[in-house]
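# Examination of the molecular architecture
What follows is the residue order along each chain.
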Amino acid sequence: MTTANEVLSSIQSAFPGAVQDSRVESDRRLWATIDSKKILDVCKHLSSKLNFDHYSGSAGVDWITRKEMEVVEIMASHGAHQVVAMLKIKTPRENPSVKSLTGLYWNANWYEREIWEMLGINFEGHPELYPLLLSDELMGAWPWRKDYKGYPDLTTGERAVEITTPEGYTEYRIPPTPAEIEAGTVVVERPKYPSFLEREQKEIKSDSEMIMHLGPQHAMVPGPFLLDVLVEGERVKKAFLDVGYIHKGIEKIMENRTWLQGITYTDRMCYVASLSNNECYCGAVEKILGLEVPERAQYIRVILEELSRIQSHLIGTGEFLTLVAGVGYAPWQYMIMDREKIISLIESVTGARLTHTFVRFGGVRNDLPEGFAEQCRKVLPYMKARTEEFIELFAQDPIYHVRMENIGSISPETAKRMGCAGRVLRAAGVAYDMRKEDPILVYPELDFKIVTGTRGDSADRIDVTLREILESIRIIEQCLDRIPSGPIKTEAKIPKKVPAGEAYYRVEDPRGEMGMYVISDGGDKPYRVKVRGPFYATFQTLTPLLEGVYIADAVAIAGSMDGCPSEADR
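Because the structure is predicted, anything quoted here is derived from the model rather than measured.

### Digging into the overall build of the protein chain
Along its length, the protein chain carries 20 helices and 17 strands. Against the compact-globule benchmark of 25 Å for 570 residues, the protein chain has a radius of gyration of 24 Å, which places it among compact chains. With the principal axes as the frame, the protein chain shows a C-alpha extent of 65 × 65 × 55 Å. Counting every position in the protein chain, which comprises 570 residues, the buried fraction comes to 57%. Within the protein chain, counting contacts between residues at least 6 apart in sequence, those at least 24 apart form 68% of the total. Carbon and sulfur atoms form 51% of the exposed surface of the protein chain, whose accessible area is close to 23,000 Å². Positive and negative side-chain charges in the protein chain, numbering 68 and 83 respectively, have mean positions lying 4 Å apart.

### Let's talk about the pattern of salt bridges
For the structure on display, the rule yields 41 salt bridges. Among the ionic pairs, Asp438 bridges to Arg28, the shortest N-O distance being 3.0 Å. Here Asp438, found in the loop between helix H15 (434–437) and helix H16 (458–482), pairs with Arg28, found in the loop between strand E1 (19–26) and strand E2 (29–34); they are 410 residues apart in sequence, far enough to count as distant. Using a relative accessible area of 3% as the deciding quantity, one classes Asp438 as buried.

### Quick notes on the pairing of strand E12 (residues 235–242)
One ladder, built from seven bridges, connects strand E11 (residues 226–232) with E12; its direction is antiparallel. Residue pairing across strands places Leu227 opposite Leu241, the latter belonging to E12. Two successive antiparallel strands, E11 and E12, enclose a turn made up of two residues, where Gly233 displays a positive phi of approximately 70°.

### Here we look at the packing of aromatic side chains
The final tally for this structure, using the stated rule, is twelve aromatic pairs. Connected via pairs of aromatic rings, a cluster forms that spans Tyr55, Tyr105, Trp110, Tyr111, Phe225, Phe535, Tyr536 and Phe539. Sitting over the ring of Tyr527, Lys146 keeps its end group 4.0 Å from the ring centre. The cationic tip of Arg235 hangs over the ring face of Tyr550; the distance from NZ or CZ to the ring centre is 3.8 Å.

### Some thoughts on the sheet that holds strand E17 (residues 528–532)
Backbone hydrogen bonds hold the strands of a sheet together, and the pairing may be parallel or antiparallel. Sheet architecture is open: three strands sit in the order E15-E16-E17, paired in antiparallel fashion. Only two strands of the sheet have a single partner each, and these edge strands are strand E15 (501–509) and E17. Sheet twist, expressed as the mean angle between neighbouring strand axes with direction ignored, is 15°. Across the face of the sheet, helix H8 (residues 274–289) comes into contact with E15, strand E16 (512–520) and E17 while running at roughly 150° to E15.

### Some points on the pairing of E1
Examined bridge by bridge, E1 and E2 share six bridges and lie antiparallel to one another. Looking across to E2, one finds that Val24 is bridged to Leu30. Taking the residues between adjacent antiparallel strands as the criterion, E1 and E2 are bridged by two residues.

### Some points on the environment of Thr355
As for its placement among the helices and strands, Thr355 is situated in the loop between helix H10 (329–350) and strand E13 (359–360). The exposure class of Thr355 is partly exposed, given its relative accessible area of 29%. Sequence-wise, Thr355 and Ser208 are 147 residues apart; in three dimensions their C-alpha atoms are separated by 48 Å. Among all residues touching Thr355, those that are not within four sequence positions of it are Asp267, Arg268, Tyr271 and Ser274.

### Brief notes about empty space enclosed by the protein
Tallied over the entire structure, the rule returns five cavities of 30 Å³ or more. Of the voids in this model, the largest cavity is the one considered here, and its volume is about 70 Å³. In this structure, the largest cavity is lined by Ser276, Glu305, Arg309, Met434, Arg435, Asp438, Ile440, Tyr443, Arg506, Val507 and Glu508. When contributions to the lining of the largest cavity are tallied by element, the ones reaching two or more residues are helix H9 (295–321), H15 and E15. Take the lining of the largest cavity: its biggest share by element is three residues, from E15. Across the lining of the largest cavity, the residue classes tally to four nonpolar, one polar and six charged.

### A few points about the layout of surface pockets
In this structure, the second largest pocket occupies an estimated 610 Å³ of space. Lining the second largest pocket are 23 residues; nearest its centre among them are Arg113, Glu128, Lys238, Ala239 and Thr543. Here the residues of the lining of the second largest pocket sort into eleven nonpolar, four polar and eight charged.

Criteria and cut-off values
Residues numbered from 1 in each chain as written. Predicted model: local features only at pLDDT ≥ 70, side-chain atom pairs only at ≥ 80, totals over all residues. Heavy atoms only, no water. Helix = DSSP H or I, 4+ residues; strand = E, 2+ residues; numbered from the N terminus. Rg over C-alpha atoms; globule rule 2.2 N^0.38 Å. Buried < 20%, exposed > 50% of the residue type's maximum accessible area, 1.4 Å probe, protein only. Contact = heavy atoms within 4.5 Å. Areas by Shrake-Rupley, 256 points an atom, 1.4 Å probe, with all protein chains shown as cover. Lys, Arg positive; Asp, Glu negative; His and termini not counted. Charge placed at Lys NZ, Arg CZ, Asp CG, Glu CD. Salt bridge = Lys/Arg side-chain N within 4 Å of Asp/Glu carboxyl O. Pairing = 2+ DSSP bridges. Phe/Tyr/Trp six-rings, centres within 6.5 Å; stacked < 30°, edge-to-face > 60°. Lys NZ or Arg CZ within 6 Å of the ring centre and 35° of its normal. Axes fitted to C-alpha atoms, helices over the stretch in contact; angles between N-to-C directions. 1 Å grid on protein atoms, 1.4 Å probe; cavity = no way out; pocket = protein on both sides within 12 Å on 5 of 7 lines; lining within 4 Å. Points joined across faces, edges and corners; volume = space filled by probe spheres on them. Nonpolar A, V, L, I, M, F, W, Y, C, P; charged D, E, K, R; others polar.

Following this line, the structure appears as structure tokens:
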């Protein structure tokens, strides 16, 4: 199996002098600063020679005191090895610019656009540096920069000013606050780029084509996003996706909260994945602190995170099935009632139903209550029987087959190239799961399978989800049998100020690979928290997937991707 040391040696041999600095954290983690002129060649080498076929994302960092910025490229492999390479490129803070990787990795598109609009780092060769998450008023303000002061005016509680245009439309403008004016972050002249509407209209080639709006409020995916489709007759010729309607700003907020307070915000990135989000953030901080989590606490984390996976799969599948008719109407009612049993189990431990803030640095907040194992052993057989019943029900329904089978199919090669995550990737036949690929806690000691599909279509995506519930039940049952007695928190004292350092930690949340890149500068707050969310990775694959399909199939395809725009707009 390839190791981080071998990857580093390969880069140094192929490109002498390209590695300006490096650190081998473990056999599975490589950190290296690469000469900005050589980064594209190095990435091509990793991709073609060392099987780094998975572009996991990128992060932008503003080192204001150094007067420079960094772009951190995160690359891994779809099963050929377990090394994650974190390649850094430095650029001056004045007119920052780096080379785009979109020609090498298709899914680099959104990650680079996000860094461009948030930090103002240009990506040379990017095909479409257009706003993705920000409103027009904030373009050019670069809100992730450390000197950005554009916070709402809390003294009045009002920020947006309503304006009626000459055409009769209502628009809103956000006037600058005194803090923005004083800091000089008010945008005088915004960057020039075509608007979302102009980019859409440019694609209309004849009078027989029209733009149809699906959203920003639409049932096919919970949460607001805008999906516009250019249609001719009943066929979709091109799709356009606009996100950023939720405006959470969690990554920026976490830079202004203590390390412990940050756990609360991870809950709210995606409330049905709050426990795995807790795990991802705390795991990264534990790496920086060098903490070992007691074995009992590890088992408790696994039990609760797998219960959370079950409840997430139930609500996501149930909501979606109401859109495709046939058997879809009844399962929603049953799945939401069954989910209550799982939610109640989690609530008995954490005291909360959705946003738990349960995982702690070095352990968990509290132990399992008395009688928890017995309650679990009553619910899990019931849940297993119900899930098997759902699988059988869908297999027998002809309407379900017509609406779902061979609709929105993705090949394994396409799924990997586009950076799909979770059930979308595994339904295409790619056995990629962080619990096996980058294992944490006690997962290496547990016996479970990675569930995959064969067609990669909408039906396979639902089938994989339901069969994953059965595997989660298996995992929980093993944990209940094996959980040892002992402490639930490390004995080491957790400092208020985390020593300077950085870490990248990955978990398999209900929607796939969730990663967090955390930097400490030695203070009582994170210097940077960059979230690599699974649905953000999968979401950008929707537009090419819809080209050429019937309008009626767009709902089945989009809904079967297990969406959480709340996480995408973190």
